[in-house]
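Commentary on secondary and tertiary structure
Chain by chain, the residues:
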Amino acid sequence: MDNRAEVREFLMTRRARVTPDAAGIAAGPNRRVPGLRRGEVAILAGVSVEYYAKLERGSIAGASASVLEAVARALQLDDAERAHLFDLARAADGIPTSGRPRRRSSRTSAARPSLQWAMTAITDGVAFVRDQRQNLLAVNELGRAFYSPVIGDGGRVPNLARFQFLDPAAREFYPDWDRFAEMCVGVMRAEAGRDPHDPAMQELVGELSTRSETFRRLWAAHDVRTHGAGTKRFHHPVVGELILAYEELAITAEPGHVMLIYTAEPGSPSADRLRLLASWAATHRAEEPAADEHAAEGA
C-alpha cells in the first residue's frame, strides 16, 4: 500500500464526487470531468493550483493542518473522510497516529484473561473483540453462539472480512449483504490509512482483491467510514432474524483493538430470540462433555 498512491486516489475519487452545483460553482459548457476540476478545488481551498496538483499527485508530506482542513472543506469530506485524510498525511510524515506505533505487530494475539473475564460478564448481549485487520480475537459465550457461522469448526483465527467476501454463508447471515460489504471495506480503508505499512493488512487486502471482484471494486472506490454505533440486521441459522443495536468501544490497552457489543431492544422479538440463542448455546455446551466421554470410551 504505497502512501502516495493512496493519497492520490483518495483525493481524485473525492473530487470526482463533488458536483459544481454542490460546490456553488457555475458548471459552464464543455466539462470533461463529472466532478470538480483541480483548479476549482484549489480556489475553494484557497491554495494555488500548482500546490493542490502536487497534493493530488500524492505529495502530501509536510502539508499543514490548515491546508488539510481547507481541502477537506472544499471536497465536502465527512468526519470519517476528514480523519482519513489527516491519517494519510501523518503516515506520509512518519508520525504515529493516535499514539500508536507506526508499525504494529502483524502477529494475532489472544485476548488478555481480564478482558475475556469482562466479556464473560456480559450475559444478555453479544460481545467480541476484533483487531484492525478484522480478526475475531475473542467472544463471550453468547457471541460464540451468535458467530457460529463465522467461527465454524476452528482452524485459523476467524476473520470477518474473509467471511464477508469469501464464504457463501455470509449472504444468508447478513440479509443486507451489500451494506455490510461497504461497511467492512470502509472500516478497513480507514485502518489502512492509519498504518499503510502493516504487512498483515497488505496481505489480507491482496488476498481479498484476488478472490473477490466485489471487494476489489469497493476497495478501488476509496470510501472510508468509522463504526461507532448503529443498528444491524442478521439472520441466524438457529433463531432467525435478529435486529441488534451495536456500540464500538476502543480498547486503550491494545491499540487497534475494539470491543463491539450487540444488544436487542428490551421486550422486542429480537430480545426473545437472543435469549433463545443463549439457551440453545447452554444446552449445546452441556452436551459437549457427554459427547467427549462417549468418544473416549470408544477409543
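First, a word on scope: everything that follows refers to the structure included in this document. Predicted model only: the values in this text are computed from it and were never measured.

Next up on the list: the environment of isoleucine 60. When you line up the elements, isoleucine 60 lands in the loop between α4 (49-56) and α5 (65-74). According to the relative accessible area criterion, isoleucine 60 is buried, its value standing at 1%. Along the sequence, isoleucine 60 and alanine 89 sit 29 residues apart, while their C-alpha atoms lie 5.8 Å from each other. Setting aside residues no more than four positions away along its own chain, isoleucine 60 makes contact with Asn3, Val7, Leu55, Leu68, Leu85, Leu88, Ala89 and Ala92.

What follows is about the pattern of salt bridges. The final tally for this structure, using the stated rule, is 20 salt bridges. One salt bridge in this structure joins aspartate 223 and arginine 14, with 2.9 Å as the shortest N-O distance. Of this pair, aspartate 223 sits in the loop between α14 (213-221) and β3 (229-236) while arginine 14 sits in helix α1 (residues 3-17); the two residues are 209 residues apart in sequence, bridging distant segments of the chain. For aspartate 223, a relative accessible area of 38% gives the class partly exposed. Arginine 162 is the partner of glutamate 207 in a salt bridge, and the nearest nitrogen-oxygen pair spans 2.9 Å. On the criterion of sequence distance, the pair formed by glutamate 207 in helix α13 (residues 199-211) and arginine 162 in helix α10 (residues 160-166) is long-range, its members being 45 residues apart. The burial state of glutamate 207 is the same as that of arginine 162; both residues are buried.

Glancing now at the packing of helix α12 (residues 177-194) against α14. Any two packed helices are characterised by the angle at which their axes cross and by the distance between the axes. Interhelical geometry of α12 versus α14 gives an angle of 55° and a closest axis separation of 10 Å. As the angle between them shows, α12 and α14 are arranged oblique. In this structure, α12 crosses over α14, and the sense of that crossing is right-handed. In contact with Trp177, Ala181, Glu182, Val185, Met188, Arg189 and Ala192 of α12, α14 contributes Thr214, Phe215, Leu218 and Trp219. A class-by-class count of the residues in the contact of α12 with α14 yields eight nonpolar, one polar and two charged.

A rise of 1.5 Å per residue sets the reference length of α13, with its 13 residues, at 18 Å; its end C-alpha atoms lie 18 Å apart and thus fit the reference within 8%. Among the residues of α13, those classed as buried are Ala200, Met201, Leu204, Val205, Glu207, Leu208 and Ser209. If you follow the buried residues of α13, they end up packed against α10, α12 and α14.

Across the sheet, five strands lie side by side as β2-β1-β5-β4-β3; this open sheet has antiparallel pairing. Bordering the open sheet on either side are β2 (136-139) and β3, each of which pairs with just one other strand. Within the sheet, the average angular offset between the axes of one strand and its neighbour, ignoring direction, is 30°. Both strand β1 (residues 126-130) and β2 contribute to a ladder of three bridges, which runs antiparallel. Note on β2: the bridge partner recorded for valine 129 is alanine 138. Packing against the sheet, α12 makes contact with β1, β3 and β4 (240-250), and its axis sits at approximately 130° to β3.

Rules behind the numbers
Residues numbered from 1 in each chain as written. Predicted model: local features only at pLDDT ≥ 70, side-chain atom pairs only at ≥ 80, totals over all residues. Heavy atoms only, no water. Helix = DSSP H or I, 4+ residues; strand = E, 2+ residues; numbered from the N terminus. Buried < 20%, exposed > 50% of the residue type's maximum accessible area, 1.4 Å probe, protein only. Contact = heavy atoms within 4.5 Å. Salt bridge = Lys/Arg side-chain N within 4 Å of Asp/Glu carboxyl O. Axes fitted to C-alpha atoms, helices over the stretch in contact; angles between N-to-C directions. Parallel < 35°, antiparallel > 145°, perpendicular 65-115°, else oblique. Left-handed = near helix turned anticlockwise from the far one by under 90°. Nonpolar A, V, L, I, M, F, W, Y, C, P; charged D, E, K, R; others polar. Expected span 1.5 Å × (residues − 1). Pairing = 2+ DSSP bridges.

Geometry only, nothing functional implied.
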